[in-house]
Amino acid sequence: MSLNKISEAEWQVMRVVWAKGETTSPEIIASLSETMNWKPATIKTLIGRLVKKDMLGTKADGNKYIYRPLVTEEATLKSATADLFSRVCAKKMGNSIIDIINEAELTQEDVQKIQQALGNKKTVSEVTCNCIPGQCECQEHQTN
Ligand SMILES: [Zn+2]
């Protein structure tokens with residue numbers, strides 16, 4: 001599934017809508033304006049962009065608009081993570097995952113789930129480099 005890319009600021013708005021399910025712009029403004037130090041007009045612009053990007057659905061209810069998410073938080077996060085990892089050589093993926101685990105705050109239950117996922121993980125004998133020649137050392141070795 002390909003999702004529209006959203007900015008850091010738009011992501012903050014989506015988090016409010018994901019948490020509330022259905023909401024209005026005054027509610028989103030109340031959640032974000034103080035903490036983020038954003039003007040109501042800025043937040044309304046962000047909402048408008050998210051509607052254009054098909055991330056938010058909107059319907060009129062009297063004289064106000066109700067917003068609801070058109071994509072799940074889980075799917076959006078998955079897409080953003082895939083996008084992030086597409087920027088690094090596939091051969092470095094293992095080390096990146098280790099870094100994430102080392103830096104994350106995890107419960108015993110989280111660790112058990114990760115161990116279970118690792119236990120079920122199918123492995124390959126060698127990871128294929130996915131870089132443009134010149135972007136990493138391993139690709140240079142292959143073309144020599
Ligand atoms: Zn590479």
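Residues numbered from 1 in each chain as written. Predicted model: local features only at pLDDT ≥ 70, side-chain atom pairs only at ≥ 80, totals over all residues. Heavy atoms only, no water.

Per an unreviewed UniProt entry, the protein chain goes by the name CopY/TcrY family copper transport repressor and belongs to Vagococcus coleopterorum.

Topic: unusual backbone geometry
Glycine aside, residues mostly have negative phi, and peptide bonds are mostly found in the trans state. Keep this limit in mind: A run of DSSP states H or I qualifies as a helix once it reaches four residues; a run of E qualifies as a strand once it reaches two. Both are numbered from the N-terminal end.
For Asn-37, which is not glycine, the phi torsion reads 60° and is therefore positive. Residue placement: Asn-37 occurs in the loop between helix H2 (25-36) and helix H3 (40-52). Unlike most non-glycine residues, Asp-54 shows phi in positive territory, near 60°. Mapping Asp-54 onto the fold places it in the loop between H3 and strand E1 (56-61).

Some details on the pattern of salt bridges
The line we're drawing: The salt bridge definition used is simple: a Lys or Arg side-chain nitrogen within 4 Å of an Asp or Glu carboxyl oxygen. Only protein chains enter the area calculation, which uses a 1.4 Å probe; residues under 20% of their type maximum are buried, those over 50% are exposed, and those in between are partly exposed.
This structure, assessed with the given rule, holds 6 salt bridges. A salt bridge links Lys-59 to Glu-22; the shortest N-O distance between them is 3.4 Å. Of this pair, Lys-59 sits in strand E1 while Glu-22 sits in the loop between helix H1 (8-20) and H2, and the two are 37 residues apart along the sequence. Overall, the relative accessible area of 45% leaves Lys-59 in the partly exposed class. Through salt bridges with shared partners, a single network forms among Lys-5, Asp-83 and Arg-87.

Focus: the coordination of the zinc ion
Worth spelling out the cut-off: Sites may look incomplete, because water is not among the atoms used; the donor set itself consists of N, O and S atoms within 2.8 Å of the metal (3.2 Å for Na, K and Ca). Irregular is the default label, applied whenever a site is not tetrahedral (four donors, all angles between 85 and 135 degrees) and neither square planar nor octahedral (four or six donors, opposite donors over 155 degrees apart, all other angles between 65 and 115).
Coordination of the zinc ion by the protein involves Cys-89 (SG), Cys-129 (SG), Cys-131 (SG) and Cys-136 (SG), with metal-donor separations of 2.1 to 2.4 Å. Coordination at the zinc ion is tetrahedral: its 4 donor atoms span angles of 98 to 122° at the metal. Look at where the donors of the zinc ion fall in the sequence and you get C-x39-C-x1-C-x4-C. Separated by 47 residues along the polypeptide, Cys-89 in the loop between helix H4 (73-85) and helix H5 (93-103) and Cys-136 in the loop between helix H6 (108-120) and helix H7 (137-143) bring together distant segments of the chain. Given the relative accessible area of 5%, Cys-89 is considered buried.

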